[in-house]
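Close look at the chain arrangement
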Amino acid sequence: MMRKLRFCLCVLTLVLACVLLASCGSDDGAPKGFYLASEPETDGFYLYVPDEWSKQRASGVVTAYLSDLSTANISASYVTTDKTDMGAYWAASEEELRRDFTDYTLDETCPEETVVADRPAYLYRYDGTYAGVKYGFHQYFILVGDDPSAGMYVITYTASKDRNTRTGTIDYDKTVANAAAIAKNFKIYSEQPGARQDLADTTAPAPDGMKKANRFDRFGLDFYVPDTWRVDLSDGFIGAVAGDGASVGLNKISYESAVKKLDHYGTGVSESGFTQSDYWKLLQAEYRDYFDDETFEVTAEPDWEDEEGKAGAVTPEGGECSYRSFTFEGKRDGKTYRVTLYLLWETGKGRNMYLLTYTATPETHDAHIGEVERMLREMRF
């Protein structure tokens, strides 16, 4: 459960970010009007998206968006499960969907058995309201083996079903045909993504008492965790789990991602940019929605008058990174968690930030704070 919570918290920072990056030129193997958005050797699949869509790669998920004026997006990733039956897998997924979305409704014709990339697949179409906006989803689950336990590739199309006040159109109605077209052109490169097969080199040189928890090409850094922690990359994030279930997950946040996220929530960004305090307020709103609102409580904030923050990792050029931390508690599924977020940034250069999420119970949280903060200090870019 703790690992699943870590995954959900990281996904909140990723999915709502709406990063829009420039698309690459057309690929020789791409169908007409499409380009290759994935890296097959790393991701394990070929994801072709329309030429006018912009792609993003982050944390084991390949995503593409239509534009900054539209809510339409599509993503593809690889998932693992211990469920051997698709019905049981979906039943567990529905529990999460009902908690996260109001008015969740599954199309009565689903699941629809189909074929994607010459493999058996299941299509689920459903609606749900989040933060007052109604969204429509098309989700394809593509079996790698005989059943879900062998792994699945998942394609998810999302768009708002409400009228877009900026364009006057309904994003879902305008773009839904892309879901089937993208699924039709989807191809599998390997039965398991290369990034999952050999992502962490735990035998590489590391600080005393620690081990490496990723390859250098993951976010362009080296991340180390204590020898006693188990490296856990099954969700596509850099992460690790302690013996008592406490966990950490690392995610990269680009400046452009943060700007789009602030704009999405109506906060906006001034000519001088935005402050970390602005971003923290945004995160609070997200996590308040994720946890039971009446149980959510911020227990520790940084000193905002300290402009530099605390000393963190050192860059290869000898530059410094700083971080600020925020701690809050909340209850979900009847269990209380204490979470500390560490927002790390390069001082005086670059515009990328990194978010380290430390999740534990109130009883075990303080026992690992020293270890987690050492992880921050030992990071190498």
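Small disclaimer: the values here were computed from a predicted structure and weren't measured. (Residues numbered from 1 in each chain as written. Predicted model: local features only at pLDDT ≥ 70, side-chain atom pairs only at ≥ 80, totals over all residues. Heavy atoms only, no water.)

**Re the overall build of the protein**
Counting its regular elements, the protein contains nine helices and 22 strands. Counting contacts in the protein only where the partners sit at least 6 residues apart, residues at least 24 apart contribute 54% of the total. Of the roughly 17,000 Å² of accessible surface on the protein, a fraction of 46% belongs to carbon and sulfur atoms. (Helix = DSSP H or I, 4+ residues; strand = E, 2+ residues; numbered from the N terminus. Contact = heavy atoms within 4.5 Å. Areas by Shrake-Rupley, 256 points an atom, 1.4 Å probe, with all protein chains shown as cover.)

**Overview of the side chain of Thr-158**
Here Thr-158 lies in strand β11 (residues 152–160). Discounting residues that sit within four places of it in the chain, Thr-158 has contacts with Thr-71, Ala-72, Asn-73, Tyr-135, Gly-136 and Phe-137.

**What to know about the pattern of salt bridges**
Counted according to the given criterion, the structure contains 12 salt bridges. With its nearest N and O atoms 2.5 Å apart, the salt bridge here joins Glu-96 to Arg-99. Taken as a pair, Glu-96 and Arg-99 lie in helix α3 (residues 86–100) at a separation of three residues, close to a single helical turn. For the salt bridge of Arg-338 with Asp-366, the shortest nitrogen-to-oxygen distance reads 3.7 Å. Placement of Arg-338 in strand β21 (residues 335–346) and of Asp-366 in the loop between β22 (353–360) and α9 (369–378) is noted, with a sequence separation of 28 residues between them. (Salt bridge = Lys/Arg side-chain N within 4 Å of Asp/Glu carboxyl O.)

**Re α3**
In this model α3 runs 21 Å from its N-terminal to its C-terminal C-alpha over 15 residues, within 8% of the 21 Å that 1.5 Å per residue would give. The complete set of buried residues in α3 reads Met-86, Tyr-89, Trp-90, Ser-93, Glu-94, Glu-96 and Leu-97. Taken end-on, α3 shows its buried residues confined to a sector of 165°, consistent with a single buried face. The backbone nitrogen of Gly-87 lies 2.9 Å from a side-chain oxygen of the residue at the head of α3, namely Asp-85. (Expected span 1.5 Å × (residues − 1). Buried < 20%, exposed > 50% of the residue type's maximum accessible area, 1.4 Å probe, protein only. Arc of directions from axis to C-beta. Polar contact = N/O pair within 3.5 Å; in protein donor to acceptor, adjacent residues only side chain to side chain.)

**As for the nonpolar core**
Across soluble globular proteins, nonpolar side chains show a tendency to be buried alongside one another. With 33 residues, the main nonpolar core has Leu-47, Val-49, Ile-74, Ile-142, Tyr-153, Ile-155 and Phe-186 as its most contacted residues. Elements supplying a minimum of two residues to this core: β1 (34–36), β3 (48–50), β5 (61–65), β6 (73–79), β9 (119–130), β10 (133–143), β11 and α5 (177–185). In terms of residue count, the dominant contributor to this core is β11 (four residues). In contact with Leu-47, other than residues within four places in its own chain, are Tyr-35, Leu-36, Ala-37, Ser-38, Val-62, Ala-76, Ile-182 and Phe-186. Ranked by size, the runner-up nonpolar core spans 26 residues in total, among them Ile-238, Leu-344, Tyr-354 and Phe-381. (Core = buried A, V, L, I, M, F, W, Y, C linked by side-chain atoms within 4.5 Å.)

**Re the confidence of the model for the protein**
In this model, the protein carries an average pLDDT of 79, and 73% of its residues clear a pLDDT of 70 or more. With pLDDT under 50 throughout, residues 1–28 is counted as low confidence; its partners more than four residues away or in other chains account for 89 contacts. A low-confidence stretch, residues 314–318 stays under pLDDT 50, and its non-local contacts, those more than four residues away or across chains, total 10 contacts. (pLDDT = per-residue confidence, 0-100.)

**Let's talk about the pairing of β9**
The buried fraction of β9 amounts to nine of the 12 residues, a majority that puts the element mostly inside the structure. In this structure, strand β8 (residues 112–116) lies alongside β9, joined through five bridges in antiparallel fashion. Of the residues in β9, the one forming a bridge with Glu-112 is Leu-123. Counting the residues that bridge the hairpin from β8 to β9 gives two residues, and of these Ala-117 lies at a positive phi of roughly 55°. In the sheet, β9 pairs with β10 via 10 bridges, with the strands oriented antiparallel. Residue pairing for β10: Thr-129 is matched across the bridge by Lys-134. Joining the antiparallel neighbours β9 and β10 is a turn of two residues, in which Ala-131 adopts a positive phi near 50°. (Pairing = 2+ DSSP bridges.)

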